[in-house]
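Residue-level structure breakdown
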Amino acid sequence: MSRIRPHVRGSRRLATAGVAATAATLLASALSPAAVAADRPTRSGVIANAASALLAHAASLGLTSAEGTSVRDVIVDKDGTQHVRYDRTYRQLPVLGGDFVVHLARDGAYRGANRATRGEISLASIVPSVSAPKAADIAANALRAVNLGETLRRLTARPQLVVDALHGKPKLAWRTNVTAQDTLGNPVARTVITDAATGRQIDAWDDIETATGDGKSLYSGTVPLQTTLSGSTYQLKDPTRGNTYTGDAANKTDLCFLTSICVSRAPSTVFTDTDNHWGTGTTADRSSAAVDAQYGTDVTWDFYKSEFGRLGIAGDGKGSYNRVHYGTAYNNAFWDDSCFCMTYGDGDGTTFGPLVSLDVAGHEMTHGVTSKTAALTYSGESGGLNEATSDILGTLVEWYANSPSDPGDYLIGEKVVRSGFGREALRYMDKPSRDGASADYWSSSVGNLDVHYSSGVANHFAYLLAEGSGPKTINGVSYNSPTYNGSTVTGIGREKLGQIWYRALTVYMTSSTNYAGARTATLNAAKDLYGAGSTEYNAVAAAWSAVNVN
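Computed from a predicted structure; not experimentally measured.

1. Details of the sheet that holds strand S12 (residues 233-235)
The strand order across the open sheet formed by three strands is S11-S12-S18, and the pairing between neighbours is antiparallel. Lying at the two open borders of the sheet, with one neighbouring strand each, are strand S11 (228-230) and strand S18 (272-273). Examined bridge by bridge, S12 and S18 share two bridges and lie antiparallel to one another. Note that in S18 the partner of Gln235 across the bridge is Thr272.

Right, dumping it as structure tokens:
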């Protein structure tokens, strides 16, 4: 999927108490307070508390007068405990790995913080030796290198000067988003981090986060839909879920430059109907895939609201939208932050069918949740955790739906694969190596794998935490989950898995979280929810040890 990482939205300096207090006031007034109970802290009040904490604890947070901050997200627990997530700038340049989370008590007292990185930022100069055009060329070649054999068209690159604190000692770097179209017109994109002093490539990752995959539907039988009546015509638009809607992309594709600047987009013409009965359950009717897409959005919305109290992907009550029938025989589905939308291909009919299944919808929309919270960097171990987060919570969306036509399971994308794919699912959570490439256990080299394969460690952990180790049959599907250390793990259930992972994601994880950090984050979440030394806390520790994360 094409996922645009958040840019710093303004900055707030920490040179003096007066300036910081003024900026905090301006920032608070610019953000709408969340609707909360009268006896709980308001969003603006929480931000003001956090601003005071930044002033008092600037040194321990590594903040200097050269640095600015901006609020990315605010979480208020049921007991009033507060968590404010910040992005950071250095001399007005975005800092990769500069994000941190401030934790406050109910009364606003400072409790501590989680930082993506702890290195002190002190650069002699912010003037690059490598020019922006040179950085763009380096990134363009990096995109070509991972698309060998393809003739890339409409290739564009946008370099942005940043401070890279993710990869060792902080240094001046170029973050370049490069995008193009392949010979079929499908989007390809990559983010490349380049040393601004030497031109050396520091890191790179795909900006197309994929889960090939997903009304009367194709996969979920006959499903309920909330629609909008306009005159005598019904629109596939749900006014009860932030006006989410599904449109027809007419087999066209996007034409985008600089990743997020699109000259033209595939259409999203909202589906309409005269009798409010949609689709036939077959691909012969274009609205059948639309039913699946809309239903997937509905269930994902309801899952996040019911389980975590989150209203919509961004937590602001606003709906996203879907585009189906994207491109020609497009074997993919993706979430795109720049349009706040979900896009589904029809598949080629041999390897994949229409990619509109429930777990695919939940997976891709969860990328949107991740981008609004921890923003896990899409490379190395953090990239594997990013993908695993979507697999884990997307799987829980499927279980939440409780659909007789698509029962919950621990297989990823099992509904959308066809005989030409060669196996029954994209990925397997009980024993990820069943796909021939994913890692069952952590090792020092796991971060070198493609993120869809390094995700196996966390997927395996999640299965063990929910269901436990050993052979078993669940919902008619056979599983046999091994452990690295030969231990027997007892599961605590899917609901507790979801609560622990979501809290770890939204409260403790940062852009640079690796597997060791994920263990710490989930243990902290389990301690918050169930208590230190509780059955759940001990189960989290045991499940991580079972995948060799100690």
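More follows now that the structure is in view.
2. Quick notes on the packing of aromatic side chains
The final tally for this structure, using the stated rule, is 21 aromatic pairs. Aromatic pair Phe352 and Phe421: ring centres 5.1 Å apart, planes at 45°, arrangement tilted. Here Phe352 is found in the loop between strand S21 (341-345) and helix H5 (358-372), whereas its partner Phe421 is found in the loop between strand S22 (411-412) and strand S23 (427-428), with 69 residues between them in sequence. Residue class for Phe352 comes out buried when judged on its relative accessible area of 6%. Overall, the relative accessible area of 21% leaves Phe421 in the partly exposed class.

3. Structural notes on the packing of helix H8 (residues 456-467) against helix H9 (residues 494-508)
Contact geometry of H8 with H9 gives a least axis separation of 7 Å together with a crossing angle of 135°. Regarding the angle of H8 to H9, the classification is oblique. Along this stretch, H8 crosses H9, giving a crossing that reads as right-handed. Residues Ala458, Phe461, Ala462, Leu465, Ala466 and Glu467 of H8 touch H9, and the partners they reach there are Arg494, Leu497, Ile500 and Trp501. Here the residues of the contact of H8 with H9 sort into eight nonpolar, no polar and two charged.

4. Digging into the side chain of Asp359
Among the secondary structure elements, Asp359 is positioned in helix H5. Despite its burial, Asp359 remains without a salt bridge, the nearest opposite charge being carried by Arg427 at 8.3 Å. A polar contact of 2.7 Å, which involves the side chain of Asp359, links it to the backbone nitrogen of Gly413. Not counting residues within four places of it along the chain, the set of residues in contact with Asp359 comprises Gly394, Glu398, Leu411, Ile412, Gly413 and Glu414.

5. As for the state of the cysteines
Across all of its chains, the model carries one disulfide by this definition. One disulfide bridge connects Cys339 with Cys341, the sulfur atoms lying 1.8 Å from each other. Judged by the torsion about the S-S bond (-60°), the Cys339/Cys341 disulfide is left-handed.

6. Quick notes on the nonpolar core
Side chains of nonpolar character tend, in soluble globular proteins, to be buried together. Ranked by size, the top nonpolar core spans 87 residues in total, and within it Tyr344, Phe461, Leu465, Trp501, Met509 and Trp544 carry the most contacts. With nine residues, the top contributor of residues to this core is helix H4 (residues 286-308). Discounting chain neighbours no more than four positions away, the residues touching Trp501 are Leu385, Thr389, Ile392, Leu393, Ala458, Phe461, Met509, Thr522 and Trp544. Residues Val46, Leu54, Leu61 and Val71 belong to the second largest nonpolar core, which totals 15 residues.

7. Some remarks on helix H11 (residues 535-546)
In this model H11 runs 16 Å from its N-terminal to its C-terminal C-alpha over twelve residues, within 8% of the 16 Å that 1.5 Å per residue would give. For H11, the complete set of buried residues consists of Glu536, Ala539, Val540, Ala541, Ala543, Trp544, Ser545 and Ala546. Looking at the packing, one finds that the buried side of H11 touches H8, H9 and helix H10 (515-530). Where H11 ends, the next residue or the one after it, Asn548, has phi of about 70°, a positive value.

8. Here we look at the side chain of Arg323
Tracing the backbone shows Arg323 in strand S19 (residues 321-326). Residue class for Arg323 comes out buried when judged on its relative accessible area of 0%. In this structure the side chain of Arg323 is engaged in a polar contact, spanning 2.9 Å, whose partner is the side chain of Thr343. Apart from residues no more than four positions distant in its own chain, Arg323 is found in contact with Gly247, Ala249, Asp254, Arg265, Ala266, Pro267, Ser268, Phe334, Cys341, Met342, Thr343 and Tyr344.

The rules we used
Within any chain, residue numbers begin from 1 and follow the written order of that chain's sequence. Local features in a predicted model are, by the rule used here, given only for residues with pLDDT of at least 70; side-chain atom pairs are given and counted only at 80 or more, and totals for whole chains, interfaces and linings are based on all residues. Calculation of side-chain values draws on the structure's entire complement of heavy atoms; hydrogens and water are dropped beforehand. DSSP bridges decide pairing: two strands pair if at least two such bridges lie between them. The secondary structure listing takes helices from DSSP runs of H or I that are at least 4 residues long and strands from runs of E that are at least 2 residues long, numbered from the N terminus. Stacked, tilted and edge-to-face pairs are distinguished by plane angle, under 30 degrees for stacked and over 60 for edge-to-face with tilted covering the rest, among Phe, Tyr and Trp rings (Trp via its six-membered ring) whose centres lie within 6.5 Å. Only protein chains enter the area calculation, which uses a 1.4 Å probe; residues under 20% of their type maximum are buried, those over 50% are exposed, and those in between are partly exposed. Orientation is described by lines fitted to C-alpha atoms, with helices fitted over the stretch in contact, and by angles between N-to-C directions that extend from 0 to 180 degrees. Angle categories: roughly parallel below 35 degrees, roughly antiparallel above 145, roughly perpendicular from 65 to 115, and oblique for all the rest. Handedness of a helix crossing follows the sense of rotation of the near helix relative to the far helix, less than a right angle counterclockwise being left-handed and clockwise being right-handed. Any two residues whose heavy atoms approach within 4.5 Å are treated as being in contact. For this scheme, ten residues count as nonpolar: Ala, Val, Leu, Ile, Met, Phe, Trp, Tyr, Cys and Pro. Four count as charged, namely Asp, Glu, Lys and Arg, and the remainder, Gly too, count as polar. Positive charges are assigned to Lys and Arg, negative charges to Asp and Glu, while His and the chain termini are left out of the count. Here a salt bridge means any side-chain nitrogen of Lys or Arg lying within 4 Å of a carboxyl oxygen belonging to Asp or Glu. In the analysis that follows, any N or O atom pair within 3.5 Å is treated as a polar contact, provided that within protein one partner can donate a hydrogen and the other can accept it, and provided that, for residues neighboring in sequence, both atoms belong to side chains. By convention in this document, the label disulfide applies to cysteine sulfur atom pairs within 2.5 Å. Here, nonpolar core means buried Ala, Val, Leu, Ile, Met, Phe, Trp, Tyr and Cys residues that are tied together by side-chain atoms lying within 4.5 Å of each other. The span one expects for a helix is its residue count, reduced by one, times 1.5 Å.

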